[in-house]
Amino acid sequence: MAADVHDRIAERWAADALEIGPSHGLLALRVEPRRLTEVARSLKAEFGFDLLLDVTAVDWPAREPRFDVVYHFYSTRDFVRVRLKTRVAESAATVDSLAALYQSARFAERECHEMYGIGFRGNDDLRPALLYEGFVGHPLRKDYPKHREQPLVPYRT
Amino acid sequence: MSARSPLPNPIRAAFAAGEHEGTSIVSIGPSHPATHGTVQIIAELSGERILRTDVHCGYLHRGFEKECESHTWHNLIPYVDRLNYCSALINDFAYCDAVERLMGIKITPRCRYLRTLLAEYSRVADHLTCTAAMLMELGAMTAFLYLVMLRDYIYEHLAAVTGARVTYSFGRIGGLANDLPDGWLTRLEWILSEYDTFVGRVHGLIDRNRIFIDRMRDIGVLRTDEAINWGFTGPVLRSTGVPRDLRKDTPYLAYGELDFEVPVGINGDNYDRYYVRMREMDESVHMIRQLAGRLPPGPVSVDDRRCTLPPKHLVYTEIESLINHFKLIIDGPQVPAGEVYAAHEGANGELGFYLVSTGLGVPYKVHVRAPSFVHVGGIHRLLEGYQLADLVPTFGSVNMIGGECDR
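Report follows, based on the coordinates. Note that the structure is a prediction, hence the values are computed from the model and not measured.

1. Topic: the sheet that holds strand E5 (residues 81-88) of chain A
Think of a sheet as strands paired side by side through backbone hydrogen bonds, with each pair either parallel or antiparallel.
All names here are of chain A.
Okay, step 1: Taken together, five strands build an open sheet; the order of strands is E1-E2-E5-E4-E3 and the sheet is mixed. Every other strand in the sheet has two partners, leaving strand E1 (19-23) and strand E3 (51-59) as the edge strands with one partner each. Taking each pair of neighbouring strands and ignoring which way they run, the sheet shows an average axis angle of 20°.
Okay, step 2: Where E1 lies against strand E2 (residues 26-31), five bridges are found, and the strand directions are antiparallel. Bridging from a neighbouring strand, Ser23 pairs with Leu26 of E2.
Okay, step 3: With respect to the sheet, helix H2 (residues 36-47) is in contact with E2, strand E4 (67-74) and E5, its orientation differing from that of E5 by roughly 175°.

See the structure below:
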């Protein structure tokens with residue numbers, strides 16, 4: 001069943017995907033940022049991927065473009081998973097939001113935004129979810145030092 | 001005494017007072033006796049009815065994912081324990097499974113069965129905690145004490161095998177820390193029979209209790225399509241009437257070999273969430289009994305020097321094992337480069353680990369798809385339109401766990 005759905009997606013997007021192939025039981029798909037919404041819409045409407053599980057990013061500081069933005073989808077009809085990736089540069093780290101397709105994208109994109117500084121065009125609520133107002137920097141970027149402190153209240157001496 | 005500058009506000013509310021005529025804004029939490037977990041809910045009220053809510057989490061954020069990037073694969077196990085600390089073993093096994101997939105390791109049959117058994121045992125403990133707390137918040141003190149007593153039996157019993165009551169650090173990449181001690185399965189039988197007695201009493205006290213039904217029926221209603229759209233999984237999704245359970249749909253560990261049902265609700269309200277959890281515990285107990293009856297013999301850890309420590313007597317007597325031991329402790333297991341997403345059915349929903357390895361003993365990235373975090377993103381759908389007094393049981397019925405939500 002999983003292989004069948006994966007084959008159909010591969011067939012549908014083989015021409016437009018930059019990379020496509022199996023990855024430990026799911027289908028991994030990489031597309032250009034401008035195609036993101038189009039592919040997500042197709043996954044939802046044509047292939048039944050109704051659950052957007054999660055949005056995150058991976059930082060590769062030495063690579064250009066620097067960030068992978070990673071989405072995981074699940075089909076509650078066929079029990080199949082897809083990983084959708086796209087690459088964005090640090091200078092233009094913005095992709096289209098999937099909030100119009102999946103409500104669960106709203107909160108997940110908030111986390112990705114604060115942790116990696118990725119912008120999501122069309123998500124009107126990108127306030128910090130886990131961090132606080134006024135936090136400087138994006139802690140999951142590789143160049144953010146682990147021990148940096150940003151206390152809200154000055155330490156007593 | 002110098003004048004203190006006002007404390008900067010760590011959050012920015014989505015709405016402010018005065019936008020609507022005759023409404024008021026109240027802030028519940030972040031430290032409130034009735035919300036388990038440190039979470040702040042800003043609610044706009046008309047009288048006692050909730051019009052809008054803005055839920056803020058993150059008070060327990062401790063940089064889990066950042067910290068993971070500077071420890072070896074094995075050293076993360078105590079950290080993943082502290083995600084959902086009500087069912088820590090499920091986190092352990094899901095994480096180990098993800099790493100094992102990257103390394104191409106097939107765990108031993110005994111380990112597979114033991115992991116399934118312990119995961120189900122943890123699920124019972126988690127559901128007991130959630131149900132007990134939710135009932136106590138509605139004043140059902142007896143039911144709370146019955147359920148928490150059972151949970152404490154389980155905690156002590158898990159301490160007998162793992163050495164800890166709550167955060168066990170018991171999973172190992174490629175196996176488990178230990179096998180079961182002698183007599184463990186005998187005590188297990190006794191605890192399961194106590195479970196039958198006391199959960200039976202709770203059913204008798206609560207299920208058809210007029211007060212309980214009036215407080216829970218048709219409160220916090222969620223439709224299936226809406227639940228999926230907002231990313232709800234686990235008991236919350238099942239309470240809306242669909243039998244979506246990863247243990248059944250994409251069987252892992254030993255679930256494909258077990259007989260069990262996936263209980264579902266009808267209405268997706270608080271009562272259904274209560275009942276689905278109660279029935280799921282019964283199914284877990286049914287699974288534990290099957291597993292305990294046919295535990296395969298053999299070792300609990302794979303014989304693979306890439307991840308399993310060599311036997312101690314060899315470390316002391318031969319140089320290869322000594323080097324192997326040091327390499328595994330200091331450099332960590334060398335996990336082949338690649339990325340993996342492994343999902344297990346956690347007690348509250350899909351618990352996914354997305355790992356990226358560059359071939360080193362330290363992960364390049366660890367991301368957790370925590371059910372509680374996703375649920376907090378959609379929990380306002382359950383709160384809006386109901387009474388302020390419903391907020392506490394509704395929030396309790398989702399069982400948001402700060403440890404995995406805030407990471």
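2. Focus: the packing of helix H5 (residues 141-162) of chain B against helix H6 (residues 184-206) of chain B
Think of two packed helices as two axes; the pair is described by the angle between the axes and how far apart they sit.
All names here are of chain B.
Okay, step 1: The interhelical angle for the contact between H5 and H6, taken along N-to-C directions, is 165°, at an axis separation of 9 Å. In terms of orientation, H5 lies roughly antiparallel with respect to H6. Crossing handedness for the pair H5 and H6: left-handed.
Okay, step 2: When its residues are assigned to classes, the contact of H5 with H6 shows 20 nonpolar, two polar and three charged.

3. Focus: a nonpolar patch on the surface
Okay, step 1: A cluster of nonpolar side chains, B:Leu309, B:Ile319, B:Leu322, B:Ile323, B:Phe326, B:Ile329 and B:Ile330, forms an exposed patch at the surface whose accessible area comes to about 650 Å².
Okay, step 2: You can see B:Ile329 is positioned in helix H13 (residues 319-330).

4. Describing helix H11 (residues 270-293) of chain B
Okay, step 1: Counted at 1.5 Å a residue, the expected span for H11(B) with its 24 residues is 34 Å, and the 35 Å between its end C-alpha atoms agrees.
Okay, step 2: Buried residues dominate H11(B), accounting for 17 of its 24 residues.

5. Describing the nonpolar core
Okay, step 1: Core analysis: the largest hydrophobic core is formed by 169 residues, its most contacted members being A:Tyr71, A:Ile118 and B:Phe353.
Okay, step 2: With 13 residues, the single largest contributor to this core is helix H4 (residues 109-137) of chain B.
Okay, step 3: Ignoring any residue separated from it by four or fewer positions in sequence, one finds A:Ile118 in contact with A:Ala57, A:Phe67, A:Val69, A:Val88, A:Ala93, A:Val95, A:Cys112 and A:His113.

How each quantity is defined
Residues numbered from 1 in each chain as written. Chains lettered and ligands numbered in written order. Predicted model: local features only at pLDDT ≥ 70, side-chain atom pairs only at ≥ 80, totals over all residues. Heavy atoms only, no water. Pairing = 2+ DSSP bridges. Helix = DSSP H or I, 4+ residues; strand = E, 2+ residues; numbered from the N terminus. Axes fitted to C-alpha atoms, helices over the stretch in contact; angles between N-to-C directions. Contact = heavy atoms within 4.5 Å. Parallel < 35°, antiparallel > 145°, perpendicular 65-115°, else oblique. Left-handed = near helix turned anticlockwise from the far one by under 90°. Nonpolar A, V, L, I, M, F, W, Y, C, P; charged D, E, K, R; others polar. Patch = residues over 30% accessible without salt bridge, like charges linked within 9 Å, V, L, I, M, F, W, Y side chains within 5 Å. Areas by Shrake-Rupley, 256 points an atom, 1.4 Å probe, with all protein chains shown as cover. Salt bridge = Lys/Arg side-chain N within 4 Å of Asp/Glu carboxyl O. Expected span 1.5 Å × (residues − 1). Buried < 20%, exposed > 50% of the residue type's maximum accessible area, 1.4 Å probe, protein only. Core = buried A, V, L, I, M, F, W, Y, C linked by side-chain atoms within 4.5 Å.

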